[in-house]
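# Results of the structural survey
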Amino acid sequence: MKKQITPCLWFNAKAKEAANLYCSVFADAKITDQSPIVTEIDISGQKMILLDGGPMYQPNASISFYYICEQAEEFDRIWNAFNPGGTVLMPADKYPWGEKYGWITDKYGVSWQLGLGKISDVGQKITPCLLFTGNQYGRAEEAISHYSSIFGSHEVDGILRFGASEQPDEEGKVKHAQISLDGNKFMFMDSAAHKFTFSEGVSLTIYCETQQEIDHYWTKLTESGAESMCGWLKDKFGVSWQIIPTILGKLMSDPKKAGKAAKAFMSMRKLDIEQIVQASLA
C-alpha cells in the first residue's frame with residue numbers, strides 16, 4: 001500500500017491565505033481540512049500541509065515543486081498568478097529539456113518549477129524536487145541510495161549526469177534524477193550555482209500506523225542527523241522530516257482528548273503512540 005509522503009510548508013500567519021491562492025490557481029485543488037494552525041490541501045492528488053508556525057522558518061528553493069502543465073494556458077495562468085510579489089529564478093521560456101519551462105518562487109517563499117508536458121512522463125501532476133547545493137553539493141546520488149534503503153518500495157526511474165563542459169557543475173554529478181519511494185515520485189538535483197539550504201521551511205511528513213513504523217523511520221532518518229521535538233528530525237543531508245502516528249489526527253479532533261494528547265507529544269522527541277493515547281484518556 002502506498003504510504004504518502006506529505007510535504008509541509010511553514011508560514012507566518014499566511015497559511016489560510018496561501019491555501020486560498022493555491023486553490024484558485026490550480027484547477028484541481030481543494031482545502032481538505034482546516035484548524036487555527038494547520039490547513040491541509042490537495043492538489044491533483046498531492047496532499048500538502050500548510051503550517052502557521054510563526055516567523056522562525058520560511059520555505060526556500062532547496063525543495064521546490066515541479067508542476068506539469070498539459071496546456072500552455074494553464075502554464076501562463078499559474079505563472080501570472082505567482083509573479084506578483086514573487087521571484088523569478090529561471091524565466092518562462094524554451095529550454096533544451098522542454099518547449100516551455102520556468103522556475104518561480106511565489107510571494108510566500110514557496111518554489112515552483114512549471115513545465116509544459118505530459119503527466120505520463122512523470123506519473124503525477126506535482127513532484128517535490130530536492131536541490132543539493134552549498135555544503136550538500138554532490139550528495140544527490142548518496143541521498144537517492146540512502147532513501148532507497150529506508151523505504152520498502154523504491155525505484156530509480158533514471159539519472160542524468162553533468163558532462164565535462166557544464167561548469168560550474170562537476171562532471172558526473174546529478175543533473176536530474178527521478179525516483180519513487182513507496183509510490184511517491186521525487187526529483188533530485190545537484191547544483192553548484194545555488195546556495196539554498198534545506199530547512200524546516202519545507203519538511204516531509206510520514207504518517208505511521210504503528211509504533212514499529214515510527215521506530216523504523218526515526219532510527220534510519222536520524223542516522224548522522226539530529227532529533228528535534230514533537231516528531232521532527234533532520235537527516236544527514238539537513239532535510240527535515242516529521243514522523244507522525246495517524247491516530248494523532250483523530251485525537252486532536254476530539255475536544256476532550258486534544259489538550260491532553262498535545263501536552264504529551266509536545267514533551268517528546270520521537271512520538272510514542274501508547275503514551276500519547278494513555279495521556280489522552282487520563
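One can find the structure itself at the top, above this paragraph.
Keep in mind that this is a model prediction, so the values were computed, not measured.

## Brief notes about the nonpolar core
With 74 residues, the main nonpolar core has Tyr22, Leu50, Trp112, Tyr147, Phe188, Trp241 and Ile243 as its most contacted residues. Apart from residues no more than four positions distant in its own chain, Trp112 is found in contact with Tyr22, Phe26, Ile43, Ser64, Phe65, Phe82, Gly102, Trp103, Ile104, Asp106 and Ile126. Within the second largest apolar cluster, eleven residues are counted, among which are Ala61, Val122, Met187 and Met189.

## Some points on the pattern of salt bridges
Overall, the coordinates contain 13 salt bridges when judged by the stated rule. In this structure, Arg161 engages Glu141 in a salt bridge whose closest nitrogen and oxygen atoms are separated by 2.8 Å. Within this pair, whereas Arg161 is found in strand β10 (residues 154–161), its partner Glu141 is found in helix α3 (residues 140–150), the two being separated by 20 residues in sequence. Given the relative accessible area of 36%, Arg161 is considered partly exposed. Notably, a salt bridge pairs Glu142 with Lys236, separated by 3.5 Å at the nearest N-O pair. Placement of the pair is Glu142 in helix α3 and Lys236 in the loop between β15 (232–234) and β16 (240–245), with a sequence separation of 94 residues. A relative accessible area of 34% means that Glu142 is categorised as partly exposed. Note on Lys236: relative accessible area 25%, which makes it partly exposed. It is possible to trace a salt-bridge network through shared partners that takes in Arg139, Glu142 and Lys236.

Conventions we followed
Residues numbered from 1 in each chain as written. Predicted model: local features only at pLDDT ≥ 70, side-chain atom pairs only at ≥ 80, totals over all residues. Heavy atoms only, no water. Core = buried A, V, L, I, M, F, W, Y, C linked by side-chain atoms within 4.5 Å. Buried < 20%, exposed > 50% of the residue type's maximum accessible area, 1.4 Å probe, protein only. Contact = heavy atoms within 4.5 Å. Salt bridge = Lys/Arg side-chain N within 4 Å of Asp/Glu carboxyl O. Helix = DSSP H or I, 4+ residues; strand = E, 2+ residues; numbered from the N terminus.

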